[in-house]
Amino acid sequence: MCSLGVSTRVWEVHLTSALVPYVRLVKGRRVTELGTLAKPSGSACSFSHLLNVVPGLKNYLDRSLKSSDQHARSGQNLRVYVFHKSFLRYLREAHWPADTYPFNVSSLGYESVRRYYHESMDQLAHPKEAKRTMTPRNIPDVIFQDIEIDEHTVDCHGSIVIIINDKWEPLRVSRITLISARDVASAAILAVVLVLGTPSKDDLLALFAALTRAWQNLTLTAPGLTYPPREAMPTALGRSFIRPAYGVIRFDNAMIHRAIAVRDYVCDQLGATFNLGFPKYPLARVLIEGAFKNLNLTIHRIPSTTGSSPVDPLKEPEQHAKKAPLISIKVLEEAIHLHMAHLNQKPLGNLGGVAPIDLMRHQMANHWIPLRPTCAVENINPMKDSRVVPVHFSRKERRRPWVNFAYLSYEAAGVLSAVKQGVKIRIEFDRSDLRLLEAFNLKGEHLGTLRAPRNWQRFPHGLSTRKKIMNLIKIKAIQSDDPFGSYFDYLLCRRTLPTSALELVRVSREFGDYPQMLSPNNRPIEAPLSPIKKTESASIKPDAIPDWSPNMVVKRRPE
């Protein structure tokens, strides 16, 4: 017992010395009666006692401060001395005794009123958010029952090399965005999509498309980078891993997550629960946020990182700001893919020393995992969509009937001739290639294939690319007779901007290396429209080809 008492006294000494001086954790209150002229008793906690015992005093003071802060028409611009006079006037009108605090002291409680004024005005200027009661979420034990999806901007710049006048010119590109899906039960990365630019709902749908097809390893070009010996992603383990029945798919409140196309695909096609988390509460998806944090630790090893914050010392020096980074955008993408693959094969302590990819393989072989029918997987494509549009006719019958879609008119010989004027049809299209539309009547009968104008058939392109080009045509920044060639020239003139250089990489990957005009049977012609002039760069080895070259721009000759 003695030893216990000695130990207790020692801990009391340490706790007392650890307290912050002059900081009161428990708010004090007045115990004795207020002092008077005949019987002074100190002024400690007298002001707070007045707020509690004088009827309406606190409401009157708070209302005056709020009116002053909001600049109400019925309010006034309060200062401390004016606020103090209002405080005394209210006490006199309430018939407060003239010999009791604050009238028994020379300052008339000025210091207490001053502190109350500044504390209240500070709270009005910086209101505290109401505490949100978060119910605990039960972590599932079965795979594919809880999926977390989020985006993360990779804070590292890359570079590309373009060839202009047979000279290589290195350019700095902007940062890229990573969209990732992670399973909660196994902590496995299910799919990743790297977005060159600002992500859109089409990029999010591309992530779902990656969940429904077998994973293909990238062709690594950087020396020293190799994939782990086993499978990188769960979708490479077999057909069962690309048709699971998902339970809950969790997002945050980003605009692309709230898109109707994303919600309809998750609910109608996947048959899963669409869950949007609470605003400003990233810990609800702690697993996917942890994966991004782990990625940042790896990315910060690259000198061209911008750092996690303005004061982060692990960032690119200012002396290199005007030079293109040594790491290219292609190598950066390969490094991110490899990092995600290694996360799937890293043994985790909370899984009992088992790697996420091994846990998924074990549960699929030994548990009853619900799967979607095979026909549902083969017939569902996230990039396919449909709309109901009206058919338009020319009053003078000088042109064929057409439909308007995505800023352009689509038509074809003999497809819409049997449709009456004012009748609506349903069109099906691919979000990644808007050159063709499949037309159906509202009964489901196939009418035929509609084509975009000929000058928009040279390259496969998505809705976001067409929207960017049409916006430039609207302000007359590029020509409308050759939109793709003019768009390339527009980006080349602004190639020193990191965002324009990154857009060069994106459109070159979307369009392909050569123009692909559509033949009468709706198949792309593999040969280019006109020969490309050979330069000295044609003798470069395939491994040394840069990310983009303007030699691929073959402009359409005016007819």
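Cut-offs used in this document
Residues numbered from 1 in each chain as written. Predicted model: local features only at pLDDT ≥ 70, side-chain atom pairs only at ≥ 80, totals over all residues. Heavy atoms only, no water. Helix = DSSP H or I, 4+ residues; strand = E, 2+ residues; numbered from the N terminus. Buried < 20%, exposed > 50% of the residue type's maximum accessible area, 1.4 Å probe, protein only. Contact = heavy atoms within 4.5 Å. Areas by Shrake-Rupley, 256 points an atom, 1.4 Å probe, with all protein chains shown as cover. Pairing = 2+ DSSP bridges. Axes fitted to C-alpha atoms, helices over the stretch in contact; angles between N-to-C directions. Left-handed = near helix turned anticlockwise from the far one by under 90°. Nonpolar A, V, L, I, M, F, W, Y, C, P; charged D, E, K, R; others polar. pLDDT = per-residue confidence, 0-100.

What about the overall build of the chain?
Within the chain one finds 14 helices and 13 strands. Burial status across the chain gives 43% buried among its 559 residues. For the chain, contacts bridging at least 24 residues in sequence account for 66% of all contacts bridging at least 6. Just so you have it, the chain exposes about 33,000 Å², and 54% of that area is on carbon and sulfur atoms.

Comments concerning the environment of isoleucine 164
Position of isoleucine 164 relative to the elements: it lies in strand 2 (residues 158-164). Accessibility expressed as a relative area gives 22% for isoleucine 164, which makes it partly exposed. With 328 residues separating them along the chain, isoleucine 164 and leucine 492 place their C-alpha atoms 9.7 Å apart.

Focus: the sheet that holds strand 7 (residues 273-276)
Reading across the sheet, the five strands line up as 5-4-1-6-7 and stay open at both edges, with mixed pairing between neighbours. Looking at strand neighbours, the two that pair on one side only are strand 5 (189-195) and strand 7, the edges of this open sheet. Neighbouring strand axes in the sheet, compared pairwise and without regard to direction, differ in orientation by 20 degrees on average. Judged from the three bridges that link them, strand 1 (residues 146-153) and strand 6 (residues 248-251) form a sheet pairing that is parallel. Of the residues in strand 6, the one forming a bridge with glutamate 148 is arginine 250. Packed on one face of the sheet, helix 6 (residues 201-211) meets strand 1, strand 4 (177-183), strand 5 and strand 6 and runs near 145 degrees to strand 5. Contacts between helix 7 (residues 260-269) and the sheet are confined to strand 6 and strand 7, with strand 7 contributing the most and set at about 140 degrees to the helix.

Let's talk about the pairing of strand 13 (residues 446-451)
Bridge count between strand 12 (residues 433-440) and strand 13: five bridges; the pairing is antiparallel. The residue bridging phenylalanine 440 from the neighbouring strand is histidine 446, located in strand 13.

A closer look at unusual backbone geometry
Going from tyrosine 101 to proline 102, the amide bond is cis rather than trans, its omega being 15 degrees. A positive phi is found at histidine 95, a non-glycine position, where the angle reads about 60 degrees. Positive phi, close to 55 degrees, is recorded for alanine 406, a residue that is not glycine. Inspection of the secondary structure assignment puts alanine 406 in the loop between strand 9 (403-405) and strand 10 (408-410). Alanine 406 sits in the buried class, given a relative accessible area of 16%.

A closer look at the packing of helix 4 (residues 80-93) against helix 5 (residues 110-125)
Two elements in contact, helix 4 and helix 5, have axes whose closest approach is 9 Å; the angle formed by their N-to-C orientations is 115 degrees. The interaxial crossing formed by helix 4 with helix 5 has right-handed handedness. Every residue of helix 5 that contacts helix 4 at Val80, Tyr81, Phe83, His84 and Phe87 is listed here: Tyr110, Val113, Arg114, Tyr116, Tyr117 and His118. Considering only residue class, the contact of helix 4 with helix 5 consists of eight nonpolar, two polar and one charged.

Side note on the confidence of the model for the chain
Interpretation of the predicted coordinates at a detailed level should be avoided for regions scoring low in pLDDT. Per-residue confidence for the chain gives a mean pLDDT of 82; residues scoring 70 or more make up 84%. Ignoring residues within four places in sequence, the model shows residues 525-546, a span with pLDDT below 50, making 24 contacts including any to other chains. This model gives residues 548-559 a pLDDT under 50, and the stretch forms 35 contacts once residues within four places in sequence are excluded.

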